[in-house]
Amino acid sequence: MRETELGKATSERFVPIEVRLTLSYAAGETASTFFTTLRDHCRIMGTKCPQCGQVLVPARQFCPKCFMTTTDWVEVGPRGNLISHTVVYHHGPHQPRTVPFAYGIIRLDRADTNFVHLLGECEIDTIHNGMRLEAVFANNRGAGILDIAYFRPTEEAML
Amino acid sequence: MPRRVAIIGTGQTKYSKERNDVNQMELVYKATTKALDDAELKVSDLDAIVLGNMELFEGRALPEMWCGEGAGGYLKSVTKIATGGTSGSSAAIAGFYQVASGVFDIVVVVGWEKHSEGHTQTAMAMVDPLWDRHVASGAVGNFALSISQLMAGRGITEEQAAKVTVKARRNACRNPYAHLQMPDITVEEVLSSRMLAHPVRLLDMCPQSDGACAIIYASEERARTACRRPAWVKAVATRHEQPYLGDIENRLIIMRTLRAAAKEAYRQAGISQPLRDLNVAEIYEPVSYAELAWYEALGFCDEGEAGKLIDEGITEMGGQLPVNPSGGVLCSNPVGASGVIRVAEAAIQIMGKGEERQVPGVKTALAHGYGVYAWADVMILSSELG
Amino acid sequence: MNELINIEIPMALRWQFGTGRHFSRFIQTLRNEGKILGIRCPQCQRVYIPPRLICGNCYREMAEWVDVKDTGVIQGYTVYYHPILDPVTGEPRPIPYGMALIKLDGADTTINHYLSETDLAKLRIGLKVRAVWRSQRRGFISDISHFEVIQ
């Protein structure tokens, strides 16, 4: 931890504070399997609830509706449908891309839940809900959600 | 008038330095499912959820959003409470209020922390930025300063504090969930451990643990049918303090918040002689010396007599008033959970589920939470409704 | 068991906390005049450092400013054997170092600050101390580098 600005205040109206930290969060067994499968095999996995049968993506250890441990692994994607999207024009310090860029809510094939990711390799004004997408995997993968670099329109979607 | 409320089930995870087998949501799920099993309930029986967690310690906002569904929060009311060390006991009291008010019948309270994932010391120093940070004395330092007053004013010795540690770490050997278990620990070992800030040594301090603890409250009507031996809530009291350590005169000796909370709780529960009227106590002792300060503030002894209680074994297992059969905070300390654990362990004693750490014949139990510089929560549980 | 993954997140965060008029006046007086100000509650008469708008005990607004000396009396003390980062220099403070709860002459609350004395045999409650100031003042209590025992 380094507090660099503490004590530099010359203004009487505010106190500036800066903190730098690196935090390290355990993914847990289930998410670890999800991430290592992305990294090592470029495959996207979901888990299935034994009671309601829904396939959760990203993989989750228990089904929130049924409150039961998920048991089966199901490969999902790499293609899916764009459910909703937005284009970001306003720059903020914690964003993953430079503006303008698009986020999408995506339902992968064989999944029952949606998740948020980035859209790429497409003109912003061609993005439309319902379009078919496919995952593009990063060259350097480190077992994280950005092992999928982004989703791009499939060839059919571009026609 | 508030309704009568009981605890009908508890669930705890094994506390340890690092639980990297589960993420935070799953940790909460583990404790919650155990409590549901203990209470013989399903998740659909839960009406509301209260969570206790010090989110800044782990550098992520909205723990209730991430982890709420692990506590059965899907399509339910979820409230999160963060009050330092009292997070767990504040959450436990808030859960009680939710049922006592008549709004909900069954409420689960889950406290948790994963210190392995954060920077607790840094976060604890991130108190008010105008003043406290500049000469931060830190978690150990702020106690060390007050302990010098306690020793000078009440004659507490390092040996007496070491006896508290020995009691705790040996008691913990009978608690399957405890993080630190030291069956062979001695006073000499404590007194020769590394000095952190005089007079506090390494073995006088609580650990930082990963873990979660859940308790389930039920209204009187549901408790009677659901549970063979519910732990009825007889009293709750909370008292908070001014913002700076310097505002609080002779903190550990006077401890006006805890004295006031205890007085109120004893009044509600009809207790006039705590040592006689209580059968067991689970108190929140982040450092061994604090336990001795709490003996006096809780009225277990007269002024200046706290050292005698530990010297004479009155608070040992088998003594007149066993304190912390679970091993206390000195043995397991996931901060968001620690206050809930005190309530859970007190309830376990009433319910007769203490197994190897069970104190025989418990009818009345006290649970205490401590946090920040001097916040105090007191709860009294009883096997009897009347 | 499969490989367990940890997700690492580096964070660099910046804040600007508003001081309010009371603390602002405290900072200005400290920086410009090298003087410490307290404030007295009209009801309980307690003189608080740091100065603030309300007395928590009485829930009354305070407006009576009081000059507080930079000498005082030790009310509690410890010697630290743990390194800690000095918030002003960013460097670790050399261990061991002393800390104390000090009641400055004129104030009723104590402040928490560093002590140059680290010999426990020489420390006790009731010792008189005096502030040692840094050459450059910025307007924080850390403009006092530490306190030294003066008897």
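Procedures and definitions
- Residues numbered from 1 in each chain as written.
- Chains lettered and ligands numbered in written order.
- Predicted model: local features only at pLDDT ≥ 70, side-chain atom pairs only at ≥ 80, totals over all residues.
- Domains from an automatic or database assignment.
- Contact = placed C-beta atoms within 7 Å.
- Helix = DSSP H or I, 4+ residues; strand = E, 2+ residues; numbered from the N terminus.
- Nonpolar A, V, L, I, M, F, W, Y, C, P; charged D, E, K, R; others polar.
- Expected span 1.5 Å × (residues − 1).
- Buried ≥ 20, exposed ≤ 12 C-beta atoms within 10 Å, placed from the backbone.
- Pairing = 2+ DSSP bridges.
- Axes fitted to C-alpha atoms, helices over the stretch in contact; angles between N-to-C directions.

Chemist: Residue-level account of the domain arrangement of chain B, with values.
Modeler: Residue and element names in this part refer to chain B. Split into domains, chain B comes out as domain 1 (5-120 + 209-226) and domain 2 (128-207 + 234-382). Contacts between the two partners involve 33 residues from domain 1 and, on the opposite side, 31 residues from domain 2. Contributions of two or more residues to the side of domain 1 that touches domain 2 are made by strand E1 (5-12), helix H3 (87-100), strand E4 (106-114) and strand E7 (210-219). Among the elements that line the side of domain 1 that touches domain 2, the one with the most residues is H3, at eight residues. For the side of domain 1 that touches domain 2, the class distribution of residues is 13 nonpolar, 17 polar and three charged.

Chemist: Now, about helix H1 (residues 28-41) of chain A: what can you tell me, with residues and values included?
Modeler: Across its 14 residues, H1(A) extends 19 Å between first and last C-alpha, which sits within 8% of the 20 Å expected from 1.5 Å per residue. Every buried residue belonging to H1(A) is among Gly28(A), Thr30(A), Ala31(A), Ser32(A), Thr33(A), Phe34(A), Phe35(A) and Leu38(A), and all of these are buried. Buried-residue contacts for H1(A) involve strand E1 (14-26), strand E2 (44-48) and strand E11 (148-153) of chain A together with helix H1 (24-39) of chain B. Positive backbone phi, approximately 50 degrees, marks Cys42(A), located one or two places after H1(A).

Chemist: Tell me about the sheet that holds strand E8 (residues 231-239) of chain B, and name the residues and values.
Modeler: Residues and elements named next belong to chain B. Reading across from one edge, E3-E2-E4-E7-E1-E8-E11-E10-E9 is the order of the nine strands in this open sheet, with mixed pairing throughout. Each having just a single partner strand, strand E3 (77-81) and strand E9 (280-282) make up the two edges of the open sheet. Strand-to-strand, the axes of this sheet are offset by a mean angle of 25 degrees, without reference to chain direction. Looking at chain direction, E4 and E7 are connected through nine bridges and run antiparallel. Looking at the pairing, Val109 lines up with Ile215 of E7.

Chemist: Can you tell me about helix H6 (residues 158-171) of chain B, naming the residues and giving the values?
Modeler: Residues and elements named next belong to chain B. End to end, H6 covers 20 Å across 14 residues, agreeing with the expected 20 Å (1.5 Å per residue, within 8%). In terms of residue burial, H6 counts as a mostly covered element, since eleven of its 14 residues are buried. Gln160, Ala161, Ala162, Lys163, Val164, Thr165, Val166, Lys167, Ala168, Arg169 and Asn171 are the residues of H6 that are buried. Among the structural elements, helix H7 (187-191), helix H12 (288-297) and helix H13 (306-311) are those in contact with the buried residues of H6.

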